[in-house]
Amino acid sequence: MTDTTTPETGAPTGGVRTLLRLEGLGLFLGMTLLYGVWDGSWLVYALLFLVPDLSFAAYLAGPRVGAFVYNAAHAYLAPMALMTLGFATSAPLVLSIAMIWLAHIGIDRALGYGLKYSAGFGFTHLGRIGKFS
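Residues numbered from 1 in each chain as written. Predicted model: local features only at pLDDT ≥ 70, side-chain atom pairs only at ≥ 80, totals over all residues. Heavy atoms only, no water.

J.: What's the story with helix H3 (residues 63-74) in this structure? I'm lost.
T.: Residue pairs three or four apart in sequence face the same way in an α-helix, which turns once every 3.6 residues. With 12 residues, H3 should cover 16 Å at 1.5 Å per step; its first-to-last C-alpha distance of 16 Å lies within 8% of that length. Looking only at H3, the buried set comprises Gly 66, Ala 67, Tyr 70, Asn 71, Ala 73 and His 74. Projection of H3 onto a plane perpendicular to its axis shows the buried side chains occupying an angular sector of 160°, all on one side. In H3, the exposed positions that point more than 90 degrees away from the buried face belong to Arg 64 and Phe 68. Looking at the packing, one finds that the buried side of H3 touches helix H5 (92-110), strand E1 (116-117) and strand E2 (120-124). (Helix = DSSP H or I, 4+ residues; strand = E, 2+ residues; numbered from the N terminus. Expected span 1.5 Å × (residues − 1). Buried < 20%, exposed > 50% of the residue type's maximum accessible area, 1.4 Å probe, protein only. Arc of directions from axis to C-beta. Contact = heavy atoms within 4.5 Å.)

Right, dumping it as structure tokens:
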């Protein structure tokens, strides 16, 4: 049996890693298409698309806090809860924010920016990113 993980994080490699990235791409494309069909404002989309990346600032407090805040802003849980709330209350703005947030997470995952480990920003559930020393 072949080891398909990295020793630092247990991150997937090979076909599993590719599948996870393709799922991210599918989420990005699906949410962006749905947003367009929903007839959302593209100005709002552009203004809100990078908002989750403000979570990077938490790394100023150290890698443990940074990883926690980044992961909270880049996990599916909060935007999916927001989307459910938007559907349940028929709130178009809430649905729009959820779609944009999920699209952001999707493109990040497609590009390899996975959820972070406290070992540092470059250690993700999708493998290492950035320069390796």
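Right, picking up where we left off after that structure.
J.: Where do I start with the packing of H3 against H5 in this structure?
T.: Axis angle and axis distance: for two packed helices, these are the angle between their axes and the distance between the axes, and together they describe the pair. Running from amino to carboxyl end, H3 crosses H5 at an angle of 115°, the nearest separation of the two axes being 9 Å. Of H5, the residues touching H3 (which contributes Tyr 70, Ala 72, Ala 73 and His 74) are Trp 101, His 104, Ile 105, Asp 108 and Arg 109. Residues belonging to the contact of H3 with H5 are distributed by class as follows: 5 nonpolar, 2 polar and 2 charged. (Axes fitted to C-alpha atoms, helices over the stretch in contact; angles between N-to-C directions. Nonpolar A, V, L, I, M, F, W, Y, C, P; charged D, E, K, R; others polar.)

J.: What is the right way to look at the environment of Leu 95 in this model?
T.: Tracing the sequence through the fold places Leu 95 in helix H5. Excluding residues that lie within four positions of it along the chain, Leu 95 makes contacts with Trp 38, Met 83, Gly 86 and Phe 87.

J.: What should I look at first to understand the environment of Leu 126 in this one?
T.: Along the chain, Leu 126 turns up in the loop between E2 and strand E3 (127-128). Taking the C-alpha atoms as reference points, Leu 126 and Leu 34, 92 residues apart in sequence, are found 26 Å from one another. In this view, Leu 126 contacts Ala 11, Pro 12, Arg 17, Leu 20, Arg 109, Gly 112, Tyr 113 and Gly 114; residues no more than four positions away in its chain are not counted.

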